[in-house]
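Architecture at a glance
What follows is the residue order along each chain.
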Amino acid sequence: MAATRTDRSIRPTGSVPAWLRRTMLVVGVGLAAMHAPVWATSDWTTAAPTCTPDSKRTLSLGITSALGGFLQAGAAVGARAEGRNPPLAYYCPVWNPDDLTTASTWSHLQLQFRDPTSTGGQVRARLYSKNRSTGIVKLVASASSVPSSTIHTVSVPLRNTVDFAINAYYVVLELENGTQAVEAHMVMLTN
């Protein structure tokens, strides 16, 4: 053991001051608590172009912008004036961003879009759950665009909690194929 002086400037080899031990304990407890269920689930976000087209028709009539990162439908991309055109649909699987939890703390579905029409509602995002044992599909939330000539985001509350132990989840993005070009940019699940 090394020599000890009364002014405490020399300590025995391997000794850690009490203030440093307390600090390390507080930091350790804080880091361990980061995985506790009281913490919020990370947001889930996907850019619209990463979603899968539902049909060959959607694939041929929709436009995916690599630079702007959005999906586009409407007159600018080949909508026909005659007859009613069904909306273009894209499927977006929802993944659990936190490995340690099955029930998330998400409370809102958000849709980012551009809808220059006078009525809005031309871009929609619907979150569905599919029960893992029964296969029953239920609508969890639905968000629709409002009139906006610039990129805008709407947020709607979820009807049920998201629980990956019970269900799988996916979002269906729909773009009306009308007389004006509309865009879907992003879909998100947030706290």
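A few points on the structure.

Conventions used here
- Residues numbered from 1 in each chain as written.
- Predicted model: local features only at pLDDT ≥ 70, side-chain atom pairs only at ≥ 80, totals over all residues.
- Heavy atoms only, no water.
- Phe/Tyr/Trp six-rings, centres within 6.5 Å; stacked < 30°, edge-to-face > 60°.
- Helix = DSSP H or I, 4+ residues; strand = E, 2+ residues; numbered from the N terminus.
- Salt bridge = Lys/Arg side-chain N within 4 Å of Asp/Glu carboxyl O.
- Buried < 20%, exposed > 50% of the residue type's maximum accessible area, 1.4 Å probe, protein only.

**Let's talk about the packing of aromatic side chains**
The full count for this structure, using the stated rule, is four aromatic pairs. Taking the centre distance of 6.3 Å and the plane angle of 50° together, the rings of Tyr91 and Tyr170 count as tilted. On the criterion of sequence distance, the pair formed by Tyr91 in strand E5 (residues 88–94) and Tyr170 in strand E10 (residues 167–175) is long-range, its members being 79 residues apart. Site record: aromatic cluster; members linked through ring pairs are Tyr91, Tyr128 and Tyr170.

**A short note on the pattern of salt bridges**
Overall, the coordinates contain four salt bridges when judged by the stated rule. A salt bridge links Glu183 to Arg114, with the shortest nitrogen-to-oxygen separation between them at 3.3 Å. Separated by 69 residues along the polypeptide, Glu183 in strand E11 (residues 182–190) and Arg114 in strand E6 (residues 108–115) bring together distant segments of the chain. Classification of Glu183 as buried rests on a relative accessible area of 8%. Classification of Arg114 by relative accessible area gives buried; the value is 19%. Its salt-bridge partner being Glu176, residue Arg124 comes within 2.7 Å of it at the nearest N-O pair. Residue Arg124 is located in strand E7 (residues 123–131), and its partner Glu176 is located in the loop between E10 and E11; the two are separated by 52 residues in the primary sequence. Taking relative accessible area as the criterion, Glu176 reaches 14% and is therefore assigned buried. Connected through salt bridges with shared partners, the residues Arg124, Arg126, Glu174 and Glu176 form a single ionic network.

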